[in-house]
Amino acid sequence: SENGHGVLFHRNVEDDHDHMLNTEYTFFLTLSPDGADISGETILGSYNAANGGASYWGCFVATAGGYAALKHLITEDTYELEQIAPDGSVIGSQTLALTPDEHELPLLSCVPVGSDVALILYYFDEHRIHVTFWGLDGVFSGSQDVFINFEVEHDENDDAGALIAAAGAESELGLFWTDTRDGNQELYFSRIGSGGELLAGPARLTRTPADSRLASPVWDGEAYAVTWWDSDGTDEDIYFMRFSPCP
């Protein structure tokens with residue numbers, strides 16, 4: 001963010017009396033823009049099997065006032081969107097009214113979209129990407145499902161997290177994924193409004209005889225820019241594309 005680089009990380013500490021019982025602590029700190037100074041180091045939460053507690057999932061994004069993180073209260077089995085100031089203090093926390101389906105939280109990533117946060121979930125058995133939008137006040141804005149065709153093995157070397165990516169603009173999300181509906185793996189794209197409406201797509205972005213995958217997109221303020229891994233059948237290279245969304 002404009003205040004520096006926020007860092008959220010976990011550290012496991014072994015119990016002195018019960019070496020089978022580890023406590024997972026979640027820490028936050030801010031690095032200065034040049035990475036030389038550390039400030040705001042704070043323990044946000046902790047969890048162990050005996051006492052419960054809170055765990056932070058794979059959702060940590062910069063916001064206008066600091067950062068937002070997704071917090072799982074283990075004992076209550078609820079999820080909160082927590083706002084964190086650059087000094088490490090928690091300045092707000094709102095419980096998310098997730099549906100029973102969403103509550104399984106097969107979370108791939110989260111992306112800031114304007115003043116909202118988009119949670120990107122993937123249900124492997126259904127070949128379904130589920131995008132749900134939440135304000136920092138915990139208010140639900142909308143959701144959208146995108147059904148895709150993956151004919152690839154779901155294992156450690158080829159999981160959905162490597163095949164689905166997104167970038168947030170001011171009022172929409174650009175969703176990129178690798179799809180095999182045309183035979184080989186090609187890159188596809190959809191635009192989803194922050195209210196959950198499908199604005200455009202699915203649109204095919206690549207047309208190569210080999211596989212296209214590992215998209216890494218950003219929104220630069222005017223257009224989507226994306227890099228991806230591709231092959232022309234003989235050589236493997238990193239490719240780049242920039243395009244503006246249609247109105």
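Residues numbered from 1 in each chain as written. Predicted model: local features only at pLDDT ≥ 70, side-chain atom pairs only at ≥ 80, totals over all residues. Heavy atoms only, no water.

Draft legend 1. Quick peek at unusual backbone geometry. In this model, Gly-201 is joined to Pro-202 through a cis peptide bond whose omega is 5 degrees. Even without glycine at this site, Asp-77 takes up a positive phi of about 55 degrees. Checked against the element boundaries, Asp-77 lands in the loop between strand E5 (66-73) and strand E6 (78-84). Not every positive phi belongs to a glycine, and His-127 is a case in point at roughly 55 degrees. (Helix = DSSP H or I, 4+ residues; strand = E, 2+ residues; numbered from the N terminus.)

Draft legend 2. Spatial organisation of the nonpolar core. Formed by 19 residues in total, the largest nonpolar core has its most connected members in Ile-129, Val-131, Ile-148, Ile-164, Leu-173, Leu-175 and Trp-177. Residue assignment for this core shows that the elements contributing at least two residues are strand E8 (107-113), strand E9 (116-123), strand E10 (128-135), strand E12 (164-168), strand E13 (172-179) and strand E14 (186-193). Among residues more than four places away in sequence, those in contact with Ile-164 are Leu-108, Ile-120, Tyr-122, Ile-129, Ile-148, Phe-150, Leu-175, Phe-176 and Trp-177. Formed by 17 residues, the second largest nonpolar core is a distinct cluster that contains Cys-59, Ala-68, Leu-81 and Leu-98. (Core = buried A, V, L, I, M, F, W, Y, C linked by side-chain atoms within 4.5 Å. Buried < 20%, exposed > 50% of the residue type's maximum accessible area, 1.4 Å probe, protein only. Contact = heavy atoms within 4.5 Å.)

Draft legend 3. Spotlight on the state of the cysteines. Scanning the model with the defined rule gives one disulfide in all. The residue that forms a disulfide with Cys-59 is Cys-110, at a sulfur-sulfur distance of 2.3 Å. An S-S torsion of about 105 degrees defines the bridge between Cys-59 and Cys-110 as right-handed. Pair noted here: Cys-59 is in strand E4 (residues 52-63) and Cys-110 is in strand E8, with a separation of 51 residues, a long-range link. On the accessibility criterion, Cys-59 (1% relative accessible area) is buried. Residue Cys-110 is classed as buried on the basis of its relative accessible area of 11%. (Disulfide = S-S within 2.5 Å.)

Draft legend 4. Representation of the sheet that holds E14 in the model. Across the sheet, four strands lie side by side as E12-E13-E14-E15; this open sheet has antiparallel pairing. Two strands lie at the open edges of the sheet, namely E12 and strand E15 (198-204), each paired on one side alone. Direction aside, the axes of adjacent strands within the sheet are offset by 15 degrees on average. (Pairing = 2+ DSSP bridges. Axes fitted to C-alpha atoms, helices over the stretch in contact; angles between N-to-C directions.)

Draft legend 5. Representation of the pairing of E12 in the model. The buried fraction of E12 amounts to four of the five residues, a majority that puts the element mostly inside the structure. Taken together, the five bridges between E12 and E13 define a ladder with antiparallel strand orientation. Each bridged residue has a counterpart across the sheet, and for Ile-164 the counterpart in E13 is Trp-177. From the end of E12 to the start of E13, which pair antiparallel, there are three residues.

Draft legend 6. Region of interest: the pattern of salt bridges. This structure, assessed with the given rule, holds 10 salt bridges. Linking Glu-222 and Arg-242 is a salt bridge whose minimum nitrogen-to-oxygen distance equals 3.7 Å. On the criterion of sequence distance, the pair formed by Glu-222 in the loop between strand E16 (213-219) and strand E17 (224-231) and Arg-242 in strand E18 (residues 236-243) is long-range, its members being 20 residues apart. Given a relative accessible area of 60%, Glu-222 falls into the exposed group. What makes Arg-242 partly exposed here is its relative accessible area of 43%. (Salt bridge = Lys/Arg side-chain N within 4 Å of Asp/Glu carboxyl O.)

Draft legend 7. Structural context of the side chain of Lys-71. Residue placement: Lys-71 occurs in strand E5. Overall, the relative accessible area of 13% leaves Lys-71 in the buried class. There is a polar contact of 3.3 Å between the side chain of Lys-71 and the side chain of Glu-82. Those residues within four positions of Lys-71 in sequence are excluded, and the remaining contacts are Ala-54, Ser-55, Tyr-56, Thr-78, Tyr-79, Glu-80 and Glu-82. (Polar contact = N/O pair within 3.5 Å; in protein donor to acceptor, adjacent residues only side chain to side chain.)

Draft legend 8. A look at the packing of aromatic side chains. A complete count under the given rule lists 16 aromatic pairs for this structure. Through a chain of ring-to-ring contacts, three or more aromatic side chains come together here, namely Phe-176, Phe-189, Trp-219, Tyr-224 and Phe-243. Arg-181 extends its terminal NZ or CZ atom over the ring of Tyr-188, reaching a point 4.8 Å from the ring centre. (Phe/Tyr/Trp six-rings, centres within 6.5 Å; stacked < 30°, edge-to-face > 60°. Lys NZ or Arg CZ within 6 Å of the ring centre and 35° of its normal.)

Draft legend 9. Local environment of the environment of Thr-95. Position of Thr-95 among the secondary structure elements: in strand E7 (residues 90-95). Dropping the residues within four chain positions of it, Thr-95 is found in contact with Thr-78, Tyr-79, Glu-80 and Gly-138.

Draft legend 10. A look at the environment of Thr-30. Mapping Thr-30 onto the fold places it in strand E2 (residues 22-31). Between the alpha carbons of Thr-30 and Ala-85 there is a distance of 9.7 Å; along the sequence they are 55 residues apart. Here Pro-86 takes part through its backbone oxygen, which lies 2.7 Å from a polar atom of the side chain of Thr-30.

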